[in-house]
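Remarks on the overall topology
Single-letter residue listing:
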Amino acid sequence: MSTTERTYIMVKPDGVQRGLVGKIIARFEERGYKLIALKLVQATEEHLENHYADLKGKAFFPGLIKYMASGPVVGMVWQGLDAVKTGRVMLGATNPLASPIGSIRGDYCLAVGRNICHGSDSVENAEKEIKLWFPEGVVQYTSALESWIFE
Ligand code: RTP
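Residues numbered from 1 in each chain as written. Predicted model: local features only at pLDDT ≥ 70, side-chain atom pairs only at ≥ 80, totals over all residues. Heavy atoms only, no water.

Moving on, we get to the site of the ligand. What surrounds the ligand is the set Lys12, Tyr52, Leu55, Phe60, Leu64, Arg88, Thr94, Arg105, Val112, Asn115, His118 and Gly119. A distance of 2.8 Å separates an oxygen atom of the ligand from a polar atom in the side chain of Lys12. Contact between the ligand and Gly119: an oxygen atom at 3.3 Å from a main-chain N or O atom of the residue. For the shell around the ligand, a count of residues per class yields five nonpolar, four polar and three charged. (Near = heavy atom within 4 Å. Polar contact = N/O pair within 3.5 Å; in protein donor to acceptor, adjacent residues only side chain to side chain. Nonpolar A, V, L, I, M, F, W, Y, C, P; charged D, E, K, R; others polar.)

Right under this line is the structure:
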């Protein structure tokens, strides 16, 4: 398991409109993850169809693209131990009603079609999503905190 594993986390348009960006960032910061990329972007439907290419053909796909293009999203890359799997645990289940209290979705939302955030589901997909959303690359910097977070 690598301390430099990276995941792509995105606050969806409902999360941005509801003013939850700061709370979601705070959860990752407080857990000990390191922010290495961040942007607010109004994504095009084409870009979102690329991001959700695996779901093309699902009945909810057109509605999902419309929802995701309905306002700006905040894309982020977080780095740290087990970032992909632990990031998904921190987000909760896809259906917020099945998300434990204490997870982001379990604390802040109710409907699967308005579940406020996205997180990569594998290391391979994380790297693809990071390239798709941050073609310019991420930021490399050292943080003095790291020696207090990792052995
Ligand atoms: P995400 O990619 O957004 O992190 O979500 P996920 O892996 O937990 O779930 P996925 O199956 O990839 O679905 C992507 C997003 O599509 C919406 N969805 N709606 N109406 C429905 O039945 C339904 N199912 C999924 C959700 O916004 C989900 O996060």
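Where helix H2 (residues 21–31) is concerned, the buried positions are Ile24, Ile25, Arg27 and Phe28. Along the axis of H2, the buried positions cluster into a sector of 155°, meaning they face one direction only. Those residues of H2 that are buried are in contact with strand S1 (6–11), strand S2 (34–41), strand S3 (73–79), helix H5 (83–91) and helix H6 (104–108). Phi turns positive one or two residues past the end of H2, at Gly32, with a value near 115°. (Buried < 20%, exposed > 50% of the residue type's maximum accessible area, 1.4 Å probe, protein only. Helix = DSSP H or I, 4+ residues; strand = E, 2+ residues; numbered from the N terminus. Arc of directions from axis to C-beta. Contact = heavy atoms within 4.5 Å.)

It is worth spelling out the environment of Glu129 at this point. Looking at the secondary structure, you find Glu129 in helix H7 (residues 123–133). Owing to a relative accessible area of 10%, Glu129 belongs among the buried residues under this scheme. The spacing of Glu129 and Val77 is 52 residues in sequence and 9.5 Å in space, taken between C-alpha atoms.

Per the UniProt entry, the sites bearing "active site" (unreviewed entry) are His118 in this numbering. With respect to the secondary-structure elements, His118 resides in strand S4 (residues 117–119). For His118, a relative accessible area of 9% corresponds to the buried category. If we ignore the near neighbours within four places in the chain, the residues touching His118 are Tyr8, Ile9, Met10, Lys12, His51, Tyr52, Leu91, Arg105 and Glu129. (UniProt positions renumbered as here; feature names shortened; annotations may be inferred.)

Opposite charge on two side chains permits them to pair, given that their charged atoms come into close proximity. In total, this model carries five salt bridges according to the counting rule given. The partner of Asp107 in a salt bridge is Arg27, with the nearest N and O atoms 2.8 Å apart. Of this pair, Asp107 sits in helix H6 while Arg27 sits in helix H2, and the two are 80 residues apart along the sequence. Lys39 is the partner of Glu136 in a salt bridge, and the nearest nitrogen-oxygen pair spans 3.1 Å. On the criterion of sequence distance, the pair formed by Glu136 in the loop between H7 and helix H8 (146–149) and Lys39 in strand S2 is long-range, its members being 97 residues apart. (Salt bridge = Lys/Arg side-chain N within 4 Å of Asp/Glu carboxyl O.)

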